Amino acid sequence: MTFFDIHQQYNWDTVKVSIHSKTVKDVEDALAKPNRTLEDFKALISPAASPFLEQMAQKSQEITQKRFGKTIQLYVPLYLSNECTNSCIYCGFRCENETARVTLNEHQVLKEVEVIKAMGYENVLLVTGEHPKKNGCDYLQKIIRLIKPHFSQISLEVAPLDNEGYKLLVNEGVHAVYVYQETYNSERYPVYHPRGKKSNMQYRLETADRLGEEGVRKVGLGCLLGLEDWRTDSFFTALHINYLEKKWWRTKFSISFPRMRPFAGSYKPNVEVTDQDLLQLICACRIFNEEVEVTLSTREQPKFRDNLVKLGITAMSAGSKTEPGGYAENSKELEQFKITDDRSPKEICEMINYKGYEVVWKDWDECLQTNI
Amino acid sequence: MHKMKPLIIAGKEFNSRLFTGTGKFSSNKLMGEAILASCSELVTVALKRVNLNNDTDDMLVHLQQPNINLLPNTSGVRNAKEAVFAAKLAREALGTNWVKLEIHPDPKYLLADGEETLAATTILAKEGFIVLPYIQADPVLCKKLEEAGAAAVMPLGSPIGSNQGLQTRDFLRIIIEQSNIPVIIDAGLGAPSHAAEAMEMGADAVLINTAIAIANNPVNMAIAFKMSVEAGRLAFEARLAPSAHFAQASSPLTSFLNEL
C-alpha cells in the first residue's frame, strides 16, 4: 500500500464540505486537546477558526519553541537547470516558454558554490526542472560529487525519481528530498499538468513512499497555494504526512506552502490566499504536528517573513536566486519566479537575531551518514 | 557550609551535578551566560551542529571556560555504525574521548534504539572511549550497558523536550538501586522541582537543556536548576525521612507489653 491507496479513499468535495462546516465549538475543542486528530486539523484550518488566530499563533509559538528552541535554520537554493519537458501551466520553466535553457556545467556550478559559500551557507538545496537526459540522475550524481566537499548538508528539489535513483543519490550523500504535490485534487491535477512525466499523478503521490523506502533522512512535502482551495489541499498534505510518519518512522518530515508568484508567462492564481490565510495554515500545521519542520521561502514579502520567524516556522531561505547561474552571473530572464524578499543572508541573520532568535547554519554533517 | 559529595565519572571529579545542553538558545552568547550561571561542568554539544572545519565556531567560542568540559553527542545518527564514526570524529575534532551516545532512528520522539546503543557502547568502550549512553528507562538495558563498559547511564525521565518530569520514576528507582555506575537522568525535566525529585531519589546527576534554553530568563532558570539539584542531592545525602499517608502511633501493636 502507498499513499495513492489512501488518497483514493477520500473525495475532494466531501473533504471540502466537511472543513467548511466546522464550527466554533470544533475549533475550541481542537485547541483545548493535548493531541489533535485530522478532524481537529480540519477545524483549525476552517473559516470558523479565523477569530482564534491570535490564540493559535500563541500556541504555535509555544509548541515550536519547545521543540526547536529559539532558532531558525537557513538554507539556500542552487538552481542547476531550467530545462524541463513538462508543461505545468503555472511554472516559469514549462517547456512551451521560450526562455533560454541552461544546465550548468561543472565549472559554472563551482562558480555558484563559491558565491554561496561566501554567504556562509553549509546547507544547499539543488533545484532542477525535469529533463531526464539533461538534468536526471547521472547529472545529479556528478554535481553532488563535485560539491560535496563544500557543504555539510545537500538537499534536492528535483523531479521525482525511481527507487534506484534515490538509492544512488542517498549513497552519494543526499540528506533531504523535497517533492511538492502541487495539488491533491485528482480531477484538477491533469489540467495543471497536461503533458510530460509530471502528468502522472499517481507516480508523484507515491514519491514520498519511494523516498521512505530508500532511507532518505528528510522528506519535504507541500502543495502550491493558489491552484485549488487551500484548505482542502492542506488537509491532504496533513493526511499525507500523517500516513508517512507512521509508515516510514525513521524519516523526518518538512512542510512548505509556497504561494504562487508571477513568472514569465504570467499565470494568475485561481484562488487568493491572503497573509491571514497563510498564517492560519502555518499555525494549524504546528498545532497539529509538533515535530514537523516548516519552511518559508523568499517568495514571501519581508514584513510577513519577519513576523513569521516566531510563529511556527523553523527554516528560511535567504539571498535566493531562482535562475541557473544566478549567484555568479545574475541574469533574471531565466528565473523560475520572482522572489519578494531580496535581502542578503547577512541582513536576514540580523533580523533573526533582532527577533531574539539564533541562526542555525549547520544541522547535519554529510560525513556522519552511512549507507543503509 | 554544607557541601554535596563530588560526583565521579570515569575517574573524573565533578563538583556540579547539573549537566547542561547547548541547543535551542536564542543566542550563543546567552547560552554561554546561562551555562556559566548554572556552574555546570559538563556540557553537551551536538556534533552535527558544530562546524568542524572552523576553529572559531560561534557556539564553541562561547563555551571556552576553564571549568566547562565538552561532551559531544551523536544526535541525528541512526545506528551503531554511524555513532562509532561520530565518536571518532568528535575525538579528533574536539580532542575528547568522552561521548554521549544518542542513537535515535525515530526523528519524531527521538527515542533511543537500545539494541544499537548497546552495540555502539561495546565497541567504543573497548576502544577507550568514556561512553555515556542516552536510553529509555530500561533497568535491564542499563545493566547490560554497565557490563559493556559504559561510564554512566542516562535514562530519560520523560520524552526528550517534553518537560513532563519523571514519568518513568518507577523504573528510574530500579535503575538507581541496581546501578554500579552513575545514573544521570537525561530528558524531560521541565522544572527545577523535577530535577530536585530526581536528585532526592538518588540520581547522581541530571541533564537539562530545553527548560533552561527556552525560559524567558535562561540565566535565572539555570540558577534555579543549580539550586534545586543541590537541594535534592543534599536531601538525599542527609537521608530524607520516610513519608506516610497516615499518622502513626509510636507502637500500636506492641504497646500492650507496657500494660502487662
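Only a predicted model underlies this, so the values are computations on that prediction, with no experimental measurement involved.

1. A short note on the overall build of chain A
Thought 1: Within chain A one finds 16 helices and 9 strands.
Thought 2: What you see for chain A is a C-alpha radius of gyration of 20 Å, in line with the 21 Å of a compact globule of 372 residues.
Thought 3: Summarising its shape, the C-alpha atoms of chain A cover approximately 60 × 45 × 45 Å along the three principal directions.
Thought 4: Here chain A, with 372 residues, has 64% of them falling under the buried criterion.
Thought 5: Surface summary for chain A: the accessible area is close to 14300 Å², and the carbon and sulfur share equals 49%.
Thought 6: Counting 48 positive and 52 negative side-chain charges, chain A places the averaged centre of each group 1 Å from the other.

2. Overview of the packing of aromatic side chains
All names here are of chain A.
Thought 1: In the structure shown here, the tally under the stated rule is 13 aromatic pairs over all chains.
Thought 2: Look at Y10 and F235: their rings are 5.9 Å apart centre to centre, the planes differ by 55 degrees, and that puts the pair in the tilted class. Linking Y10 in the loop between α1 (3–8) and α2 (12–20) with F235 in helix α13 (residues 230–247), this pair joins segments that are 225 residues apart in sequence.
Thought 3: Judged by centre distance (5.7 Å) and plane angle (5 degrees), the rings of W12 and F236 are stacked. Residue W12 is located in helix α2, and its partner F236 is located in helix α13; the two are separated by 224 residues in the primary sequence.

3. Focus: the interface of chain B and chain A
Thought 1: Tallying the contact residues gives 34 residues for chain B and 32 residues for chain A.
Thought 2: Summed over both partners, the interface of chain B with chain A comes to about 2700 Å²; 48% of that surface belongs to carbon and sulfur atoms.
Thought 3: Area buried by chain B at its contact with chain A is led by K48(B), R78(B) and K108(B), which between them contribute 25% of it.
Thought 4: Between the two partners, chain B and chain A, sit 18 residue pairs in polar contact (both at pLDDT 80 or more).

4. Some remarks on the pattern of salt bridges
Thought 1: For the structure on display, the rule yields 35 salt bridges over all chains.
Thought 2: Close ionic contact of E293(A) with K252(A) constitutes a salt bridge, the shortest N to O distance being 3.6 Å. Of this pair, E293(A) sits in strand β7 (residues 293–296) while K252(A) is found in strand β6 (residues 252–256), placing the two residues 41 residues apart along the sequence.
Thought 3: When the shortest N-O distance is used, the salt bridge between E127(B) and K88(B) registers 3.3 Å. Note that E127(B) is positioned in the loop between α4 (114–126) and β7 (130–135) and K88(B) in helix α3 (residues 80–94), a separation of 39 residues in sequence.
Thought 4: A relative accessible area of 36% means that E127(B) is categorised as partly exposed.

5. Considering the pairing of strand β2 (residues 123–128) of chain A
Residue and element names in this part refer to chain A.
Thought 1: Within β2, 6 of the 6 residues are buried, which leaves it mostly tucked inside the rest of the structure.
Thought 2: Burial along β2 is two-sided: N123, L125 and V127 facing one way and V124, L126 and T128 facing the other are all buried.
Thought 3: Pairing geometry for strand β1 (residues 71–81) and β2, over 5 bridges, is parallel. Within β2, the position partnered with V76 by the bridge is V124.
Thought 4: Bridge count between β2 and strand β3 (residues 153–157): 5 bridges; the pairing is parallel. Across the sheet, the residue bridging to L126 is L156, located in β3.

So, how was this worked out
Residues numbered from 1 in each chain as written. Chains lettered and ligands numbered in written order. Predicted model: local features only at pLDDT ≥ 70, side-chain atom pairs only at ≥ 80, totals over all residues. Heavy atoms only, no water. Helix = DSSP H or I, 4+ residues; strand = E, 2+ residues; numbered from the N terminus. Rg over C-alpha atoms; globule rule 2.2 N^0.38 Å. Buried < 20%, exposed > 50% of the residue type's maximum accessible area, 1.4 Å probe, protein only. Areas by Shrake-Rupley, 256 points an atom, 1.4 Å probe, with all protein chains shown as cover. Lys, Arg positive; Asp, Glu negative; His and termini not counted. Charge placed at Lys NZ, Arg CZ, Asp CG, Glu CD. Phe/Tyr/Trp six-rings, centres within 6.5 Å; stacked < 30°, edge-to-face > 60°. Contact = heavy atoms within 4.5 Å. Buried area = accessible area lost by both parts, 1.4 Å probe. Polar contact = N/O pair within 3.5 Å; in protein donor to acceptor, adjacent residues only side chain to side chain. Salt bridge = Lys/Arg side-chain N within 4 Å of Asp/Glu carboxyl O. Pairing = 2+ DSSP bridges.

Purely spatial values, then, with no claim about function.
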